[in-house]
Amino acid sequence: MVNILLAYDDNDMRLGDYFQKSYEHISNWVSMNPDVVVNALRGLDCTELNVNSHIATYNGDRFIFAGLSHGNEDALCTSNDNYASLANSSSFHNSFFYTCACLTADVLGGDLINKGCLVYIGYDSVVYVPESHFEVFIKCENFALGTFVTSGKHIGACFREMNELYNAEIDKLVIGNDIIAASLLNESKDSLVILGDQNLTINDFRI
């Protein structure tokens, strides 16, 4: 069994649809692995208390966490709460922590690793997503996590292949003369950071 906790802010006024679509995309993808057990926290349920309570049920075993929401240097957040931050970073001991939240690689990512998180993937800057291109941004940024869970490849290889996918999609946008979207997707790619043990595979998260 592989435990995955997916937190997504479908209640956000500006990007709620994006986070919802991203959740649906990654949830459907990782569920292709029959050993996966997905627990989800949506919008108003994304609180530090709820996150900590769910993680506690894993009894210290390894798990995967994905946070799909806004963020800043030291927290993943909704309009109501910081649900993953420096205040509860030790709760993510023994986890693979993935997030599309802006800026978290600057402070939170390193703190998570220092507190025993096994691997972290996230952004070190602000990422802008044009509404007309939700699908391609979600496809690219979820690639490493989805591939990791379903392919058996180690996370370092998945991360490199994600960058290759970004480059291919950027080229398509350039060929289509969609220069602004191509530029934003390129900035997204360049902002991605991986920290921790890049040799881990999904087998390291089976309990």
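Residues numbered from 1 in each chain as written. Predicted model: local features only at pLDDT ≥ 70, side-chain atom pairs only at ≥ 80, totals over all residues. Heavy atoms only, no water.

(A) Region of interest: the state of the cysteines. Summed over the entire model, instances satisfying the criterion amount to zero disulfides. No disulfide involves C100; its sulfur sits 8.0 Å from that of C102, the nearest cysteine. Take C100: its relative accessible area is 7%, and that puts it in the buried class. Looking at C117, it has no disulfide partner, and the nearest cysteine sulfur is the one in C158, 16 Å off. (Disulfide = S-S within 2.5 Å. Buried < 20%, exposed > 50% of the residue type's maximum accessible area, 1.4 Å probe, protein only.)

(B) Structural context of the nonpolar core. With 53 residues, the main nonpolar core has I64, F96, I121, F148, V149 and F205 as its most contacted residues. Considering every element that reaches this core, the biggest residue donor is helix α6 (residues 155–175), with eight residues. Contact partners of F96, with chain neighbours within four places excluded, come to F63, I64, F65, V119, I121, L145, F148, I155 and F205. The next biggest cluster of nonpolar side chains, apart from the first, holds 21 residues, and it includes A7, F63, L108 and V193. (Core = buried A, V, L, I, M, F, W, Y, C linked by side-chain atoms within 4.5 Å. Helix = DSSP H or I, 4+ residues; strand = E, 2+ residues; numbered from the N terminus. Contact = heavy atoms within 4.5 Å.)

(C) Representation of the sheet that holds strand β4 (residues 70–72) within the structure. Spatially, three strands are ordered β4-β5-β6 in an open sheet, and the strand pairing comes out antiparallel. Each having just a single partner strand, β4 and β6 (82–85) make up the two edges of the open sheet. Pairs of neighbouring strands in the sheet enclose a mean axial angle of 25°, with direction left out of account. Strand direction decides the pairing type here: β4 and strand β5 (residues 75–77), joined by three bridges, are antiparallel. (Pairing = 2+ DSSP bridges. Axes fitted to C-alpha atoms, helices over the stretch in contact; angles between N-to-C directions.)

Coordinates in, geometry out; function isn't part of it.
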